[in-house]
Amino acid sequence: MTSVPRWVEVHRLAVAGREARIARDVGSAVARVWLARSRFADVAGLAQLTLTLGEDADALYDLGWAKRATGFPADSLAAYGRALSLFQDDQDRGNEAATLNNIGNVYDGLGDRQQALDHYERALPITREVGNRTGEATTLNNIGMVHNGLGDRQRALAYYEQALPILREVGDRAGEATTLNNIGSVHNGLGDRQRALAYYEQALPILREVGDRAGEATTLNNIGMVHNGLGDRQRALAYYEQALPIRREVGNRAGEATTLNNIGMVHNRLGDQQQAREYYERALAITREVGNRPGEATTLNNIGGVHHDLGDGQRALHYYEQALRIMREVGNRAGEATTLNNIGSVHNDLGDRQQALHFYRQALSTLRQVGDRAREAVTRYNIAMVHRHQGELDRAVAELEQVVELDRQVGHPDLESHAAMLKRVRDELSGR
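Parameters and conventions
Residues numbered from 1 in each chain as written. Predicted model: local features only at pLDDT ≥ 70, side-chain atom pairs only at ≥ 80, totals over all residues. Heavy atoms only, no water. 1 Å grid on protein atoms, 1.4 Å probe; cavity = no way out; pocket = protein on both sides within 12 Å on 5 of 7 lines; lining within 4 Å. Points joined across faces, edges and corners; volume = space filled by probe spheres on them. Helix = DSSP H or I, 4+ residues; strand = E, 2+ residues; numbered from the N terminus. Nonpolar A, V, L, I, M, F, W, Y, C, P; charged D, E, K, R; others polar. Expected span 1.5 Å × (residues − 1). Buried < 20%, exposed > 50% of the residue type's maximum accessible area, 1.4 Å probe, protein only. Polar contact = N/O pair within 3.5 Å; in protein donor to acceptor, adjacent residues only side chain to side chain. Core = buried A, V, L, I, M, F, W, Y, C linked by side-chain atoms within 4.5 Å. Contact = heavy atoms within 4.5 Å.

What follows is about empty space enclosed by the protein. For the structure shown, the criterion picks out one cavity of 30 Å³ or more. Space inside the largest cavity adds up to approximately 50 Å³. What lines the largest cavity is a set of 13 residues, and nearest its centre among them are G27, S28, T50, A59 and D62. Broken down by secondary-structure element, the contributors of at least two residues to the lining of the largest cavity are α2 (20-36), α3 (40-51) and α4 (57-69). The dominant element in the lining of the largest cavity, judged by the number of residues it contributes, is α2, at five residues. Among the residues making up the lining of the largest cavity, the classes are represented as six nonpolar, three polar and four charged.

As a further point, take helix α12 (residues 213-229). With 17 residues, α12 should reach 24 Å at 1.5 Å per residue; the first-to-last C-alpha distance of 24 Å fits that figure. Most of α12 is tucked away: 12 of the 17 residues are buried. Residues of α12 that are buried include every one of G215, E216, A217, T219, L220, N221, N222, I223, G224, V226, H227 and N228, and no others. The backbone nitrogen of A214 has a side-chain oxygen 3.4 Å away, supplied by the residue at the start of α12, namely D212. Downstream of α12 by a residue or two, G231 has a phi angle that is positive, lying close to 90 degrees.

Quick look at unusual backbone geometry now. Unlike most non-glycine residues, R18 shows phi in positive territory, near 60 degrees. Its location among the elements puts R18 in the loop between α1 (4-16) and α2. Unlike most non-glycine residues, Q91 shows phi in positive territory, near 55 degrees. Tracing the sequence through the fold places Q91 in the loop between α5 (73-89) and α6 (93-109).

Our focus in this paragraph is the nonpolar core. Membership of the largest hydrophobic core comes to 45 residues, with the highest contact counts inside it found for F40, V43, L140, I143 and V146. The leading source of residues in this core is α4, at seven residues. Residues in contact with L140, not counting those within four places in the same chain, are L124, R128, Y159, Q162, A163 and I166. V404, L406, M421 and L422 belong to the second largest nonpolar core, which has 14 residues in total.

Take the environment of A203 next. Counting through the fold element by element, A203 comes out in helix α11 (residues 193-210). Distance from A203 to G215, taken between C-alpha atoms, is 9.0 Å for residues 12 residues apart in sequence. Excluding residues that lie within four positions of it along the chain, A203 makes contacts with A177, L180, N181 and T219.

Moving on to α6. Between its terminal C-alpha atoms α6 stretches 24 Å, which fits the 24 Å expected from 17 residues at 1.5 Å a residue. Of all 17 residues that make up α6, 12 are buried, and the element is covered over most of its length. Listing the buried residues of α6 in full gives E96, A97, T99, L100, N101, N102, I103, G104, N105, V106, Y107 and D108. Residues of α6 that are buried in the fold lie against α4, α5, α7 (113-129) and α8 (133-149). A positive phi of about 85 degrees marks G111, the residue just after α6.

Remember, this is a structural readout, not a statement about activity or role.
Below, the structure written as structure tokens:
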């Protein structure tokens, strides 16, 4: 079997000799291998070389994927957009749907959930038209993920439950496991962790049965997150430490960084900030190595959180401000809002309530623009607590009333505690 380095050399020679068909076929095959190993920058370079021989839909598609993964969403959308036009010109309906799905993924990553939905909903009838049942289920899963991200978990479940029987019907065991994972994530978000575990534990043996090592690692991570949420830190670590070598084995560098971040978060919760920092630094190096700018920003946020927990607000701000700059550069609106909330929390802890409100309100504006009601509720709660500390109880009550209503709309697990806080502040306002 010809090795990947040999194929890369064949590609180089084909480009040099202006053999477009060979370059395109070989480049596409190599890209499939490298994408699975998080070699996104290499895929971008390969596709750009292929494109020196003229436009090619497959190379543009690969370039779009690589640019998205390395934090260049505008470049990704441009490449996917051109690929989409070429697939449409060729009446290649299957690849048209796949490209629409990927464009939706870019918008979803940017926090522009409405644009994501628009593209997924364009892809869905095409997958049905061409009889691509697996593609139909993938698109239903994508639509479900958008609704889950928007906090509309019941609607997300409805889409996942449409996808699941299709995947069972076509015998796509790996896809079935992915959907079980998605359903588990909804229940985890609803605070029903035992139900989440039940779904993850259905997914895990399926992935082992079909030899999907990457999916197995994802599921082990998910199980670890549930145990972390349940407060069983040692059990969470055990699952993360099973996932880590698998991600290294399959060459998933981005996934490896995610797991290192997860392990770091457990150590931070255990109060071992030095260990947490070490894991975050290892994750940071990987995200920078593979050019994963959104992942880099997430890790900078985590390092900032360590310093925040240690009471070093100024150092925390240093990391949060680096993260914010990257989130804005890559257009990640959801990540930007998270970081703005973090910066607001530091200013709140430093006693600068007005600055805290300034950043919370920026976060709130962003979350309302992208329609993320679950995190809007959290941000409004933060704002309410600042007003309460300042003695502005009427303003705190007004915010908390909106928090409770948003919690009800999205089935937020903190509804009960937020409602209790609303009652307490109302009592304080009435002088009881």
